[in-house]
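Residue-level listing of the chains:
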Amino acid sequence: MTRFWKPGTENPRLLDDEEGGVIFYNTSSSSSSGYGYVSMDKQRQRLPVYKYRTAILYLVEKHATTIIVGETGSGKTTQIPQYLKEAGWAEGGRVIACTQPRRLAVQTVASRVAEEMSVKLGEEVGYTIRFEDITNNDITRIKFLTDGVLLREMMDDPLLSKYSVIMVDEAHERSLSTDILLGLLKKIQRRRPELRLIIASATIEAKSMASFFNPRKRQGQDDEQIEPNKEPAIISVEGRGFNVQIYYVEEPVPDYLRAVVSTVLSIDDLEPMGDILVFLTGQDDIDAAIQMLTEDSQSNRKKGLIVLPLYSGLPRADQDLVFSPTPRGRRKVVISTNIAETSLTLEGVVYVVDCGFTKQRIYNPMTDIENLVVTSISKASARQRAGRAGRTRPGKCYRLYTEEYFINEMSAYGIPEMQRSNLVPCVIQLKALGVDNILGFDWPSSPSPEALIRALEVLYSLGVLDDDAKLTSPAGFQDPMISKMILASNDFGCSEEAITIAAVLSIQSIWFSSKGVQKEMDEAKLRFAVSEGDHVTFLNVYKGFIESGKSSNWCHKNFLNYQAMRKVHEIRLQLRRIVQRLGITLKSCEGDMKVVRKAVTAGFFANACRLEAFSHNGLYKTIRSSQEVYIHPSSVLFRVNPKWIVFHSIVSTDRQYMRNVISIDPSWLTEAAPHFYQHKQLDPIPH
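Residues numbered from 1 in each chain as written. Predicted model: local features only at pLDDT ≥ 70, side-chain atom pairs only at ≥ 80, totals over all residues. Heavy atoms only, no water.

Engineer: Describe the overall build of the protein, listing the residues and the values that go with them.
Structural biologist: Looking only at helices and strands, the protein has 22 helices and 23 strands in total. Counting over 687 residues, the protein shows a buried share of 54%. Taking contacts inside the protein between residues at least 6 apart in sequence as the whole, the part at least 24 apart equals 71%. (Helix = DSSP H or I, 4+ residues; strand = E, 2+ residues; numbered from the N terminus. Buried < 20%, exposed > 50% of the residue type's maximum accessible area, 1.4 Å probe, protein only. Contact = heavy atoms within 4.5 Å.)

Listed below in structure tokens is the structure:
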């Protein structure tokens, strides 16, 4: 039966459905769809997960833990929280939580579910990510949040008592926060047998996850069978089932960036209409590919391509562009990091181009250096990427690696972040939650003992842990180095400056990156630059931003990212409140930058470096491990090369580059950390 839009009601939105027809649905968020707009219900019923609805609800009722293996496109992320609410799991003031590893996924999924339920986002359906809480404690019943935010909620409520069901989605990504969360949820279950857990993923080793949550592997515990059944249930939900043809290159490609561009142009020349999703490693690659495609499109007078980037640091308005419908007669090309591998659904995508690489943080506890390394993806990731092409009709995936490489060289699954990360934040989190026996904690994948020991050593040297390895308060509730810097700023009388620096360090970059305007960008940076280094430069930038009245035009003129500067301002306000709660006096040093640099040194003394004697190419060595490092070209101290510096982080490309660098006096190191540095290590550089 054909349904018609009723005149006088809000204009409906048009959506192409799977069969190629057009369906109407109401965009009014407050409407309870009283006029027969059943198309949204029909859309929900078309999703593959719908036919498993009863089975899923039965397993959740009967089992403490349910593991759902659902292919991309099955609808598990948006539908299961709604099924749980419909079945009564949110009655009596209880809340259903659904976690995601990524902030963008949290925002888009929450918006979609609110739309499907015809409710206003932030009321019955809400979300919480770092520095953004769109929920209402009195009425929010389905809450989407990142794994990290749920961990922070445990600080106030260790048993997460308001939640009836917690769904950990995209568990196969095995982020640091996901693994800590899984270990803690297992502990909570023993205290709260009524809590239900759902572990959902597209490609997960279901048996190993089930054995992790199966209490019988713990000797002599939980043998008596009480309701609910403590043995995890596993259910597999099939995906949408459109066929995706896979194409491999015949020979390894020497330059995956050029191969990506030529593949996209070939698809545009030879294939029927349909959007293209390209997977690249990071923002630099994405910017370069967009420039190459844009130049080629202009030279060939192709007006059909709409080329859009997608990565986590992109402003929200730019991220939203990738979800907008493609105009008729045009083709959208979304060039993304692995953020589009899971959770996000880009409906018009028919073709996927997979470069075969991703960027990962790899931590070496021996050198204490965390590198951002371009590395090969796993077979599980390759399948995920290909699956993005088969959502609404049969698709094609072009893999820029050989079939032999896929079969013989690629690992089946990626290495969990827990086994390749600096564990300092993880140890703090567990200690703050009362988990004292870190080495005995039940991990889904155990981290290396070296990384744990190094984390404990750093935290002890920062004064975050005492002689009994207990958390000292209040240092343990922030990034430990930034936390130490803020605490030290109280003694040096520069807490106002310290929280500004801390806010800027929380953001990936405040500078607007754009190709072809490097000279103008460098000149803009020089307007704020000072010889002391990046941290003091940040103070000048923030002061200018405030004096401009937080003007977007001022940011544009000075090549600053307006959204990033607004976020810095928000974070600073939050830090201000935290600092006041801790009893720290907010005080400005009134331009005495020496005390600011001393406060930074007190926090980041473990990241101290010395310029190598007779070095003409800016070679530094870290004091702790004699690692060779260089100042990053984005730093105001690039080419200045002071003798002694401390840095905030290291990024690895062809070299190890230090980001956010400040010049120091070596005597400040022994003042800040006499237990960590001895004078004999700090011999002056010969002239």
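Engineer: Can you explain the sheet that holds strand β4 (residues 95-100)? Please cite residues and give values.
Structural biologist: Whenever strands of a sheet pair, they do so through backbone hydrogen bonds, lying parallel or antiparallel. Judged by pairing direction, the sheet is mixed, and its 8 strands sit side by side in the order β6-β5-β7-β4-β8-β9-β3-β10 without closing on themselves. Every other strand in the sheet has two partners, leaving β6 (132-134) and β10 (233-237) as the edge strands with one partner each. Pairwise comparison of adjacent strand axes, ignoring direction, gives a mean angle of 20° for this sheet. Here 4 bridges tie strand β5 (residues 125-129) to strand β7 (residues 142-146), and the two strands are oriented parallel to one another. Within β7, the residue paired with T128 across the bridge is L145. Sheet contacts for helix α4 (residues 103-116): β4, β5, β6 and β7; angle to β5, the most-contacted strand, approximately 170°. (Pairing = 2+ DSSP bridges. Axes fitted to C-alpha atoms, helices over the stretch in contact; angles between N-to-C directions.)

Engineer: Let's hear about the side chain of K379: which residues, and what values?
Structural biologist: Position of K379 among the secondary structure elements: in helix α11 (residues 379-387). Put simply, K379 is tucked away with no salt bridge, and the nearest opposite charge, on E409, sits 9.9 Å away. With residues up to four places along the chain from it excluded, the contact list for K379 reads F406, I407, M410, S411 and A412. (Lys, Arg positive; Asp, Glu negative; His and termini not counted. Salt bridge = Lys/Arg side-chain N within 4 Å of Asp/Glu carboxyl O.)

Engineer: Can you break down the sheet that holds strand β13 (residues 305-310) residue by residue, with the values?
Structural biologist: Spatially, the 6 strands line up as an open sheet ordered β11-β18-β15-β12-β14-β13, and their pairing is parallel. Two strands in the sheet have a free side with no partner beyond their single neighbour: β11 (244-248) and β13. Taking the axes of each pair of neighbouring strands and ignoring which way they run, one obtains an average angle of 20° across the sheet. As paired strands, β11 and strand β18 (residues 395-399) are joined by 5 bridges and run parallel to one another. Bridge pairing in β18 places Q245 opposite K396. Strands in contact with α11 are β11, β12 (275-279), β15 (349-354) and β18; relative to β18, the strand with the most contacts, it is inclined by about 140°.

Engineer: Let's hear about the pattern of salt bridges: which residues, and what values?
Structural biologist: Side-chain pairing between opposite charges can occur once the charged atoms of the two side chains come close. Applying the stated rule across the entire model yields 23 salt bridges. For R53, the salt bridge is made with E86, and the minimal N-O distance between the two is 2.8 Å. Pair noted here: R53 is in helix α2 (residues 53-62) and E86 is in helix α3 (residues 76-86), with a separation of 33 residues, a long-range link.

Engineer: Please provide a residue-by-residue account of helix α15 (residues 480-492), values included.
Structural biologist: An ideal rise of 1.5 Å per residue puts 18 Å on 13 residues; α15 measures up with 18 Å between its terminal C-alpha atoms. Where α15 is concerned, the buried positions are P480, M481, I482, S483, M485, I486, A488 and S489. Buried positions along α15 lie against α13 (424-432), α14 (449-461), α16 (495-505), α20 (562-581), α21 (593-604) and β22 (644-652). Positive phi appears at G493, one or two residues downstream of α15, with a value of about 70°. (Expected span 1.5 Å × (residues − 1).)

Engineer: Account for the nonpolar core, naming residues and giving values.
Structural biologist: In this structure, I166, L184, L423, L430, I510 and L560 are the most contacted members of the largest nonpolar core, which totals 102 residues. Per-element accounting of this core gives the leading share, 7 residues, to helix α6 (residues 176-191). In this view, I166 contacts A97, L150, L160, L185, L195, R196, L197 and I198; residues no more than four positions away in its chain are not counted. L47, V60, A90 and I142 belong to the second-largest nonpolar core, a separate cluster that totals 34 residues. (Core = buried A, V, L, I, M, F, W, Y, C linked by side-chain atoms within 4.5 Å.)

Engineer: Pulling in residues and values, what's your account of the environment of A288?
Structural biologist: Tracing the backbone shows A288 in helix α9 (residues 283-299). With relative accessibility at 19%, the residue A288 sits in the buried group. Through-space distance from the C-alpha of A288 to that of V261 is 9.9 Å; in sequence the pair is 27 residues apart.

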